[in-house]
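This is what each chain is made of:
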Amino acid sequence: MRLFKQLLGVFAVLGVAFAVLSLFTFDVIKIDWVTFMEIQPAYKPMENPLAVPARSIPVEGPLSIPNMGAPENPVAADEVSIARGRELFMINCQMCHGEGGQGNGPIAANIVNKPANLTLDVTQSKSDGSLFLTISNGVLGRMPPMNENLTVRDRWDLVNFIRTLVAPK
Ligand code: HEC
């Protein structure tokens, strides 16, 4: 009986020690152990990245730099560019915007947010850079962003093609 009590005491002490140690696992009580990954300057999640340094150029070429306004069109609107733009438009855009860009593509009737009529002044009066940014970033919930599917050159070709769109009289 005495032995049993002694064992019980030992287990009780071990149990409490184990419980206390457990608190330090799974970050119940968090100790900031110094690990190598932490000894370096790093951004915390949700922390604002620094502004782009002055005079730096995006690796992809003349893309927009945040807070620096719409980019300039570096691609001349020659036959080659417009032909490429037309081809890309028929593949990526006409299902919504229609072959003539009038917002009457085959799926336009079935979507809630109607595609823009690109022949109208509203669109044509916008700068090349502004159209480029819309094509690159899309319009949330309305038009998909194309920056991952089309190269920078492709998107400027599309801008040049959109400039040729006129509403039939
Ligand atoms: C899923 C259908 C869909 C596809 C695909 C699509 N668009 Fe759009 N696009 C829209 C809608 C909807 C709007 C209008 C957004 C709004 O209401 O602001 C729009 C707006 C635009 C505008 C802005 C017009 C303005 O006045 O600001 C441009 C430019 C444009 N699209 C070009 C393109 C090009 C180029 C492509 C192909 C690379 C394309 N779109 C593919 C649905 C689409």
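The model shown is predicted, which means the values in this text are computed figures rather than measured ones.

A.B. asks: Hey, could you run me through the pattern of salt bridges in this one?
C.D. replies: Side chains carrying opposite charge are able to pair once their charged atoms draw close together. For the structure shown, the criterion picks out 4 salt bridges. For D154, the salt bridge identified is with R84, shortest N-O distance 2.9 Å. With D154 in helix α6 (residues 152-162) and R84 in helix α2 (residues 79-92), this residue pair connects regions lying 70 residues apart in the sequence. Close ionic contact of D157 with R153 constitutes a salt bridge, the shortest N to O distance being 3.0 Å. A residue pair is termed a helical-turn pair when its members lie 3 or 4 positions apart in one helix, as D157 and R153 do in helix α6 at 4 residues. Judged by its relative accessible area of 0%, D157 is buried. Residues participating in the shared-partner salt-bridge network are R84, R153, D154 and D157.

A.B. asks: Would you mind going over the coordination of the iron atom of the ligand with me for this structure?
C.D. replies: By definition of the ideal shapes, a tetrahedral metal site with four donors has angles of 109.5 degrees and an octahedral site with six donors has angles of 90 or 180 degrees. Within the first shell, the iron atom of the ligand binds the protein through H97 (NE2) and M143 (SD), at distances of 1.9 to 2.1 Å. Between the 6 donor atoms coordinating the iron atom of the ligand, the angles at the centre fall across 85 to 179 degrees, so the site counts as octahedral. Placement of the pair is H97 in helix α3 (residues 94-97) and M143 in the loop between α5 (128-137) and α6, with a sequence separation of 46 residues.

A.B. asks: It is not clear to me how the confidence of the model for the protein should be interpreted in this structure. Could you clarify?
C.D. replies: Parts of the model with low pLDDT should not have their predicted coordinates read in detail. Averaged over every residue, the pLDDT of the protein is 87; residues scoring 70 or more account for 90%. The lowest-confidence element of the protein is helix α1 (residues 2-22), averaging 90 in pLDDT; the highest-confidence one is α2, averaging 97.

Conventions used here
- Residues numbered from 1 in each chain as written.
- Predicted model: local features only at pLDDT ≥ 70, side-chain atom pairs only at ≥ 80, totals over all residues.
- Heavy atoms only, no water.
- Salt bridge = Lys/Arg side-chain N within 4 Å of Asp/Glu carboxyl O.
- Helix = DSSP H or I, 4+ residues; strand = E, 2+ residues; numbered from the N terminus.
- Buried < 20%, exposed > 50% of the residue type's maximum accessible area, 1.4 Å probe, protein only.
- Donors = N, O, S within 2.8 Å, 3.2 Å for Na, K, Ca; no water.
- Tetrahedral: all angles 85-135°; square planar, octahedral: opposite > 155°, others 65-115°.
- pLDDT = per-residue confidence, 0-100.

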